[in-house]
Amino acid sequence: MAKPGGGGGEREASGLPARGARRPGGPAGGAGRAAARARLRRGRPGPGERPAVLPGSAPSAGPAPQPPAAPGGAPTSARGRPARAFPGTSEQRPGSRADGGPTALHPSRRTEGGSLLDVVRVAIVILDTSGRVVLWSPAAEEMLGWPSEVLVGRAVDELIPDPEQVRRTRAALQETLRRGSWHGFTQISDRDGLPVEVEARLSLLVDGDGAPYVQAALTEAAALRAVERDLAVRDALFEQSPLGIAVLDTDLRYTAVNRTLAEMNGLPAEEHIGRTTGETLPERSADEITAVQRQVLATGEPVIDVTLASPSTARSGYRSISYSRMTDRSGRVLGISGTVMDVTERYRAVAKVEGARRRLSLLNEFGSRVGDLLDASMIAQELAGAVVPRLADYAGVILLQAVAYGDDLPRHGHDRHTSLLQLGVAAIQQGPAVETMLRHGARITFDEESVFGRVLRSGVPELLSGGNGAEELSFAGDPKVEAARELGVHSRLVVPLRARGIVIGLLVVSRAGYREGFDRDDLAFTVELADRAGSSLDNARLYARERTAALTLQRTLLPQQVPQPTGVEVAYRYVPGSSGTEVGGDWFDVIPLPGDRTALVVGDVMGHGLRAAATMGRLRTAVRVLAALDLAPEVVLRHVHELADDLAQGPDEALLATCVYAVFDPARRSLTVTKAGHIPPVLVVPGADAEPARSGGPLPGGAGQVLDLPSGAPLGVGGVPFESIEMRIPDGSLLALCTDGLVESRDKDLDVGLGRLISVLEQPYASIQQACEAVLGTMEQGREPDDVALLLARLGQGRAEEPTAGWTLPAEPTAVSRARRLVRGTLSDWGAEELTDTAELLVSELVTNAVRYASAPIGVRLTLGELLLVEISDPLPDPPRERHAGAGDEGGRGLELVRRLALRWGTRAEGLGKVVWFELANSEVQPPDSML
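What you are looking at is a predicted structure, and each value in this text was computed from that prediction instead of being measured.

**Section: the overall build of the chain**
Right, on to step 1. Within the chain, the regular secondary structure consists of 24 helices and 31 strands.
Right, on to step 2. The burial tally for the chain puts 47% of its 932 residues in the buried class.
Right, on to step 3. Restricting to contacts in the chain with at least 6 residues of sequence separation, those with at least 24 account for 64%.
Right, on to step 4. Surface accessibility of the chain: about 45,200 Å² in total, with carbon and sulfur atoms responsible for 52%.

**Re helix α9 (residues 283–299)**
Right, on to step 1. Compared with the 24 Å implied by 1.5 Å per residue over 17 residues, the 24 Å span of α9 between its first and last C-alpha is a close match.
Right, on to step 2. For α9, the full list of buried residues reads S285, A286, I289, T290, V292, Q293, V296 and L297. Along α9, the residues classed as buried sweep out an arc of 165° about the axis, all on the same side. Structural note: α9 exposes E283, R284, R294 and A298 on the side pointing more than 90 degrees away from its buried face.
Right, on to step 3. Contacts made by the buried residues of α9 are with β6 (244–248), α8 (277–280), β8 (303–309), β9 (318–327) and β10 (333–342).
Right, on to step 4. Among the residues trailing α9, G300 stands out with phi positive, at a value near 80°.

**A short note on the side chain of D393**
Right, on to step 1. With respect to the secondary-structure elements, D393 resides in the loop between α11 (376–387) and β11 (394–400).
Right, on to step 2. At 2.9 Å, the side chain of D393 forms a polar contact with the side chain of R515.
Right, on to step 3. Those residues in contact with D393 that sit more than four places away from it in its chain are V388, A426, A427, I428, S510, R511, A512 and R515.

**Some thoughts on the nonpolar core**
Right, on to step 1. With 55 residues, the main nonpolar core has L399, F452 and L497 as its most contacted residues.
Right, on to step 2. Residue assignment for this core shows that the elements contributing at least two residues are α10 (344–370), α11, β11, β12 (420–427), α14 (451–458), β15 (489–499), β16 (502–512) and α16 (520–557).
Right, on to step 3. With eight residues, the top contributor of residues to this core is α16.
Right, on to step 4. Contacts of L399, omitting those with residues within four sequence positions, involve A376, A380, S419, L420, L421, L423, L497, I504, G505 and L537.
Right, on to step 5. Counting residues in hydrophobic clusters, the runner-up holds 51 residues, among them L558, L709, L715 and M727.

**Concerning the sheet that holds β8**
Right, on to step 1. An order of β7-β6-β10-β9-β8 is seen for the five strands of this open sheet, with the pairing classed as antiparallel. Edge strands, defined here as strands with exactly one partner in the open sheet, are β7 (254–257) and β8. Taken pair by pair, the neighbouring strands of this sheet meet at an average axis angle of 25°, ignoring direction.
Right, on to step 2. As judged from the five bridges shared by β6 and β10, these two strands associate in the antiparallel manner. Across the sheet, residue V247 finds its bridge partner in β10, namely S337.
Right, on to step 3. Packed onto the sheet, α9 meets β6, β8, β9 and β10 and runs at close to 25° relative to β9.

**Some details on the side chain of R597**
Right, on to step 1. Note that R597 resides in strand β19 (residues 597–608).
Right, on to step 2. Judged by relative accessible area, R597 falls into the buried class, the value being 6%.
Right, on to step 3. For R597, the side chain forms a polar contact with the main-chain oxygen of P594, separated by 3.0 Å.
Right, on to step 4. A polar side-chain atom of R597 sits 2.5 Å from a polar atom in the side chain of D630.

**Quick word on empty space enclosed by the protein**
Right, on to step 1. This structure, assessed with the given rule, holds nine cavities of 30 Å³ or more.
Right, on to step 2. Taken as a whole, the largest cavity encloses approximately 200 Å³ of empty space.
Right, on to step 3. Lining the largest cavity are 17 residues, and of these T169, T186, A200, L202 and L218 lie nearest its centre.
Right, on to step 4. In terms of residues, the lining of the largest cavity owes the most to one element, helix α5 (residues 163–179), which gives four residues.
Right, on to step 5. Within the lining of the largest cavity, the residues separate by chemical class into 14 nonpolar, two polar and one charged.

**A short note on a nonpolar patch on the surface**
Right, on to step 1. A contiguous nonpolar patch, built from M606, L656 and V717 and spanning about 240 Å² of accessible area, is present on the exposed surface.
Right, on to step 2. Position of V717 relative to the elements: it lies in the loop between β23 (703–706) and β24 (724–728).

**Considerations on the packing of aromatic side chains**
Right, on to step 1. Within this structure, the stated rule accounts for two aromatic pairs.
Right, on to step 2. Each ring, one from Y318 and one from Y347, has its centre 3.7 Å from the other, and the planes form 25°; the classification is stacked. Separated by 29 residues along the polypeptide, Y318 in strand β9 and Y347 in helix α10 bring together distant segments of the chain.
Right, on to step 3. The class for Y318 is partly exposed, based on a relative accessible area of 22%.
Right, on to step 4. Above the face of the F185 ring, R225 is positioned so that its terminal group lies 5.4 Å from the ring centre.

**Examining helix α23 (residues 836–853)**
Right, on to step 1. Between its first and last C-alpha, α23 extends 26 Å over 18 residues, near the 26 Å set by a 1.5 Å rise per residue.
Right, on to step 2. Taken together, the buried positions of α23 are occupied by T836, A839, E840, L842, V843, S844, L846, V847, A850 and V851.
Right, on to step 3. Buried residues along α23 sit against α22 (814–830), β28 (858–864), β29 (867–874), α24 (894–901) and β31 (913–921).

**Regarding the pattern of salt bridges**
Side chains that differ in charge, positive against negative, can pair when their charged atoms come close.
Right, on to step 1. Applying the stated criterion to the full structure yields 43 salt bridges.
Right, on to step 2. With a closest N to O distance of 3.4 Å, R201 and E199 form a salt bridge.
Right, on to step 3. For R201, a relative accessible area of 44% translates into the label partly exposed.
Right, on to step 4. Classification of E199 by relative accessible area gives buried; the value is 9%.

**Observations regarding the confidence of the model for the chain**
Right, on to step 1. Per-residue pLDDT for the chain has a mean of 80; in total, 81% of the residues score no lower than 70.
Right, on to step 2. Counted against residues more than four places away or in other chains, residues 1–113, with its pLDDT under 50, gives 187 contacts.
Right, on to step 3. The low-confidence segment residues 924–932, where pLDDT is below 50, has 10 contacts with residues more than four positions distant or belonging to other chains.

**Comments concerning unusual backbone geometry**
Right, on to step 1. P389 follows V388 through a cis peptide bond whose omega is 5°.
Right, on to step 2. Mapped onto the elements, P389 comes out in the loop between α11 and β11.
Right, on to step 3. Located in the positive-phi region is D305, a residue other than glycine, with phi close to 55°.
Right, on to step 4. Take D305: it is sitting in strand β8.
Right, on to step 5. For D305, a relative accessible area of 36% translates into the label partly exposed.
Right, on to step 6. A positive phi is found at R500, a non-glycine position, where the angle reads about 60°.
Right, on to step 7. Looking at where R500 falls in the secondary structure, it is placed in the loop between β15 and β16.
Right, on to step 8. Overall, the relative accessible area of 58% leaves R500 in the exposed class.

**Thoughts on the packing of α10 against α16**
Right, on to step 1. Interhelical geometry of α10 versus α16 gives an angle of 10° and a closest axis separation of 11 Å. As summarised for this structure, α10 and α16 are arranged roughly parallel, according to the angle between their axes. Contacts between α10 and α16 pair K352, R359, L362, L363, N364, F366 and V370 from the former with D521, D522, F525, E528, L529, R532, A533 and S536 from the latter.

**Description of the packing of α10 against α11**
Right, on to step 1. Packing of α10 against α11 leaves a shortest axis separation of 10 Å and a crossing angle of 155°. By the angle between their axes, α10 is roughly antiparallel relative to α11. Like other packed secondary-structure pairs, α10 and α11 cross with a definite hand, here right-handed. On α11, the residues that touch L362, F366, R369 and V370 of α10 are I379, E382, L383 and A386.

**Quick notes on the environment of L205**
Right, on to step 1. Note on placement: L205 falls in strand β4 (residues 195–206).
Right, on to step 2. Here the alpha-carbon distance between L205 and I126, two residues 79 residues apart in the chain, equals 9.0 Å.
Right, on to step 3. Among all residues touching L205, those that are not within four sequence positions of it are I126, A211, P212, Y213 and Q215.

Reading guide: rules and limits
Within every chain, residues take consecutive numbers counted from 1 along the sequence as written. Per-residue local features are limited, in this predicted model, to residues with pLDDT of at least 70; the limit for side-chain atom pairs, both in listing and counting, is 80 or more; totals at the level of whole chains, interfaces and linings are taken over all residues. Computation of side-chain values: all heavy atoms of the structure, hydrogens and water removed. Helix and strand labels come from DSSP, where a helix needs a run of H or I of at least four residues and a strand needs a run of E of at least two; each type is numbered from the N terminus. For each residue, the accessible area found with a 1.4 Å probe, counting protein chains only, is set against the maximum for its type, and the residue is called buried under 20%, exposed over 50%, and partly exposed in between. Every residue pair with non-hydrogen atoms within 4.5 Å of one another is taken to be in contact. For the area figures, the Shrake-Rupley method with a 1.4 Å probe applies, and any residue is considered shielded solely by the protein chains shown. In a helix, the anticipated span is given by 1.5 Å times the number of residues less one. By construction, the arc corresponds to the directions joining the helix axis to the C-beta atoms. Contacts described as polar in this section are N or O atom pairs within 3.5 Å, which, within protein, must combine one atom able to donate a hydrogen with one able to accept it, while residues neighboring in sequence count only if both atoms come from side chains. Residues belong to one nonpolar core when they are buried, are Ala, Val, Leu, Ile, Met, Phe, Trp, Tyr or Cys, and are joined through side-chain atoms within 4.5 Å. Any two strands with at least two DSSP bridges between them are considered paired. To define axes, lines are fitted to C-alpha atoms, for helices over the stretch in contact only, and angles between the resulting N-to-C directions are given on a 0 to 180 degree scale. Here a cavity means grid points, on a 1 Å grid over the protein atoms only, where a 1.4 Å probe fits yet cannot get out; a pocket means an open set of points with protein on both sides within 12 Å along at least five of seven lines; lining residues are those with an atom within 4 Å of a point. Grid points are joined across faces, edges and corners, and a volume is the space filled by probe spheres set on the points. Note on residue classes: Ala, Val, Leu, Ile, Met, Phe, Trp, Tyr, Cys and Pro are nonpolar, Asp, Glu, Lys and Arg are charged, and everything else, Gly too, is polar. Two joining distances apply to patches: 9 Å for like charges and 5 Å for nonpolar side chains (Val, Leu, Ile, Met, Phe, Trp, Tyr), and every residue must have over 30% relative accessible area and no salt bridge. By definition here, a salt bridge exists when the distance from a side-chain nitrogen of Lys or Arg to a carboxyl oxygen of Asp or Glu is within 4 Å. For Phe, Tyr and Trp, where Trp contributes only its six-membered ring, two rings pair if their centres lie within 6.5 Å, and the inter-plane angle classes them as stacked under 30 degrees, edge-to-face over 60, or tilted in between. Charge-over-ring contacts are defined here by two conditions on Lys NZ or Arg CZ: a distance within 6 Å of the ring centre and an angle within 35 degrees of the ring normal. Along the chain, pLDDT gives the predictor's confidence residue by residue, from 0 to 100. Orientation categories follow fixed angle ranges, with anything under 35 degrees roughly parallel, anything over 145 roughly antiparallel, 65 to 115 roughly perpendicular, and all other angles oblique. Left-handed describes a crossing whose near helix is turned anticlockwise from the far helix through less than a right angle; right-handed describes the clockwise counterpart.

Here you go:
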């Protein structure tokens, strides 16, 4: 059905000849018009002539192939239906194809290469004034399937099946003849008899002879509507899209941009056309975009959603760009197309989420790094290092002096007299200006009205931007302010470090250069970080205070003066644990015993802190008291173990301690050692050619060994008896007692540490003190952070000027008189006659007791020094017991005489027996007060 178009609409046609009739003056009666039609047909062959071949087409090699026959012998069309003959004909015309296939004139119905005309085909038909076909173009032939050989010379009405449509068609022809043009929609039957809706544009043509013709341009309506719809969509997307859209040619010059992109670039759309991105955008932004464009044009690989910063000349923010290469239907590269989207809000939202994630990660990382630190200086440095460079370019941690030294926090407000120390610094670079602004350990002063003063007093953080408040940061003329200006610092946060509601310091962070200034989110995060750091710093302060108190207590409980007994030269060191642990319960002791003997003790109470130190003090006191009784080493440890419940840290905590106890007798050059779960001692024996040992002299070195002792259970465990061994040692041997902190490490066996200790002590040293320093200097760096007690003792003979005499008497009554004669004669020879009477009386009493109860030989030994030492030994293990004799008793007064006449007396186990000893004052040498 025909529809009105731009040509004025359809009118009622009148005067058109009937279908199949010829108009007067047509080709049969007018030679001029016949010639014109011949020219328009452009070489259409006449009857019996061979069709002309256009340039570029292949000539026909023979008769055209016949289409396949349909059932019944009828030929079929290219569309799969039986081809029908043109109305009024019964056979094919020469040179035509009933199936619409290739002909000699038109070898192919569809061109290769592809263009828009392949989608929207335009068929040209020339009609004479009566509506007969003068020219039928190949496009019309392809569109409707009718070959030109069949239609030329026939009325176009014959293609229109509807009589009403025929009437309207004639009206359209008349309209064209009167007005010169017409367009509208109509339906034409194709060769298969199916209606094809076309848009027809009719135009009046006049040939050179003045003969009028009508040109009909026919387009398939469906394809045209699809193209129009696509163009409408393109226009809507291009002009109304919120995205910026650009089309560039192969030289990367703009051929089209939409209004959105023009506004985003800050340049009118017409000023983009013919220019490159580098000519329309700033150089820095254009370089990045041009690199992407060239990559897409060269490779054909699209680039999607690349985020870049917006050009500085346009609105600030971020853009997402996407580019893809454009090709036509034949694959020829036409250029590239791109879309630009403003993703500033999305980018900032993502950046905000990412920033929050990084901040949370930083908080967790900082917490893990300072969680086991108990040193304020180390925590301050970790805090400064945590914020640089992830949060700031420069950072300084300023603390109250009380926090750094473990003192009590001030109870009053802060003023300009408050002592502050900068204990944590970090910077992205180094240099003189940085050293001026951030110097570790610098003392910080400030005015009360400065930023530092306000934050210290109020505890409210402050954000400083640009130059505002820079001069009043601390005090007028502060060189740190000038150094910050030289470094380009433009944004600063001053945040209080708080603990228990008290400001204990400041965290000062700064940004410089092109980095964005701090915002409120940065301030809130820094406050949270500072609060966590404040808690850690306060814990470090409390620990430092407790550790100082524990160290003070422990040092008070350790020996304040170590004696240098006869025949022993000692050196000692005590090293507290590192700042990452509390003070331990290690101790050492040197205890003089009668007969110039010396007890050497080293022990370790399990645990740390004040309670361990207090337990160590009680344990050391118990050992000294028991040692004063001159008991055997194993007996001393057994009695200490029996006191474990009373020495424990609390009713619910058992005492657990290790100890090694050694007694050295210089007169006999014997060493008796026992231990309770402690690491064994090390003994270094000098070589045979070594010089005689002398106090204060050099150590010659020698061969070292670990003493093989019964292990014994730690004190407080029980179940294992304590045993001791006795050995004779060469003069000048070096005995080393230590705690496990010296030789143990996390990843090595105890034998490795003991071997290292032996290798150090086997070397010669100028003195025993130097040997002590050498041992401490080789402590394992990866050892447990425990405290260390080290005791070195060079063991030698007694003083040469002290005379000694000894005898062995049979257990007979005559031994008493013989003992008196020997004592009297010896003291007379030594020139100590004033001691003869008392010594003779007391020896007589003690030998009498030994003869009465013993059946084995009795030993008597005299040693004259500052005191006269007399020792009576017998094989009976039980010590004598003092009795109070009555007025009529004949005996029982021997030990009472010893107690009354001797300065000191006592008994000790020796071997399987015992030794009873007493001391008398030498009138020529007054005994020291400590011996009284």
